[in-house]
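Structure at a glance
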Amino acid sequence: MIDRLQTLEDRYNKLNELLSDPEIVNDTKKLREYSKEQSGLEDVVQAYREYKDVDSELKDAKEMLEDDDLEAEMYDMVKAEISELQTKEEELREKMKILLLPKDPNDDKNVFMEIRGAAGGDEAALFAGDLYRMYSRYAEAHGWKIEVMEANTTGVGGYKEIIFMINGKGAYSKLKFENGAHRVQRVPETESGGRIHTSTATVAVLPEAEEIEVDINEKDIRVDTFASSGPGGQSVNTTMSAVRLTHVPTGIVVSIQDEKSQIKNKEKAMKVLRARIYDKFQQEEQAKLDETRKSAVGTGDRSERIRTYNFPQNRVTDHRIGLTIQKLDQILQGKLDEFVDALQLEEQTNKLEQIGE
C-alpha cells in the first residue's frame, strides 16, 4: 500500500508542475483534465503526507525511549506519546485504505433529481413535495445551489413531478443512495376517520453529464414547441415557450416549460436529456455486471423500495441496511447525514470485502 501511495504522491507533484506549464495553461482540455486528476488525488496525498509525518515522529520517539539516560518522568511521557502516535498511525492507515478504494467516477458531479408521486393520488403528490423540501434543506446545509428545471404541481400543493438540479462538489456521492421508491405511512389531512394511509413517491438521481461524455447528434433529436400549461391544463402562456425534446434512438423524452423563454427551456431540456441518456447507458452497463458484484446498499433499481417514513411513530427505516432512526421530523428538515454516512460506510465495507475475496 505504501508503494502505491508514494506513486500517487509522485504523480500529484508532477501534476503540480504540469499545471504551472504555460503550454498546459493555454490548452483548455488538458488544463481541465489535469486539474480534475489532481483534485481526485488531493485527499489521499494529504492523508499519506500526514501518515509520513506521524511515522517519522514515532521513530524519533522510539529512539528516545532507548536512551539509557532518560529520566523516569520523561520515559513515561515518551511512552504515552508513542501510544498516541501508534493510534493515530493506525487510524490514518484505515483512512488511506478507504481513500484507495475504486472511486465512482461520478461522485464529484452535480446531480439531477427527479421526484414523482406514485401510488396514493394526492397524498403521494404531497409526499413528493415533502421529499423535495427535505433534499432542498439538505443541499442548503451543504452550501449547494438548487435550480428547479420543471415542476408539475397539483391543486393540493404537492407535485406530480419535480425535476431539479443540485450544484455542489460531491453532491452525487452523497445523494446517489436516494435512488428508489420511498414509502410514507401517515393519516392524510383529508381523512376524517383517522386511518393510516400508505403512499409512495419515486426518486431518480442522475449525475450531470458533460457534452464530452455524451455525444448527441442534433439529427437524432426531435424538437416540439407548445404553449405552457398550469395545473389542470389551463394555458398560462400564449407564446410557444414550452419545449419537448425526443431523442429518437433511445425514445427518451424531456418536456420543460418552467421558463418564459423558449431558448432557456431548450437549454434546460438539453441538460436533463443528456443526463438521462448518460444514466441509461450506465444502467445498461451495470446490468451486464455479475450479481455478486452489485453493491450491498441496493441494486439501483428505481422500483426498489428503499425507505419508509412512518409519521405516527416519528420513525424512518432504510430497508437496505436495516437502519431505523426515531427522528422523522428532523430528517424531513434535511438532517439526512446519519443515513448518508451509514450508506457510504456500507458501500466502502462492501468494496473492501470484494477486494479481500
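Residues numbered from 1 in each chain as written. Predicted model: local features only at pLDDT ≥ 70, side-chain atom pairs only at ≥ 80, totals over all residues. Heavy atoms only, no water.

1. Structural notes on unusual backbone geometry
- Of note, N314 is a non-glycine position whose phi angle comes to about 50°, a positive value.
- As for its position among the elements, N314 is in the loop between strand 9 (305–310) and strand 10 (315–318).
- Residue N314 is classed as partly exposed on the basis of its relative accessible area of 26%. (Helix = DSSP H or I, 4+ residues; strand = E, 2+ residues; numbered from the N terminus. Buried < 20%, exposed > 50% of the residue type's maximum accessible area, 1.4 Å probe, protein only.)

2. A look at the pairing of strand 4 (residues 180–186)
- Counting buried positions over the seven residues of strand 4 gives seven, a clear majority of the element.
- Pairing between strand 4 and strand 5 (residues 197–207): seven bridges, direction antiparallel. Paired with V184 across the bridge in strand 5 is S199.
- Across five bridges, strand 4 lies against strand 9 in parallel orientation. Within strand 9, the residue paired with A181 across the bridge is R305. (Pairing = 2+ DSSP bridges.)

3. Some details on a negative patch on the surface
- Together, D53, E57, D60, E63, E66, E81 and E84 make up a negatively charged patch on the protein surface.
- If you list the elements that add at least two residues to the negative patch, you get helix 3 (28–65) and helix 4 (72–99).
- In this structure E84 comes out as exposed when scored by relative accessible area, which is 58%. (Patch = residues over 30% accessible without salt bridge, like charges linked within 9 Å, V, L, I, M, F, W, Y side chains within 5 Å. Areas by Shrake-Rupley, 256 points an atom, 1.4 Å probe, with all protein chains shown as cover. Salt bridge = Lys/Arg side-chain N within 4 Å of Asp/Glu carboxyl O. Lys, Arg positive; Asp, Glu negative; His and termini not counted. Charge placed at Lys NZ, Arg CZ, Asp CG, Glu CD.)

4. Some words on the pairing of strand 5
- Here strand 5 lies mainly inside the structure; eight of its eleven residues are buried.
- Of the pairings in the sheet, the one linking strand 1 (residues 111–117) to strand 5 comprises seven bridges and is antiparallel in character. Looking at the pairing, I115 lines up with V203 of strand 5.

Interpretation in functional terms is not warranted from these geometric data alone.
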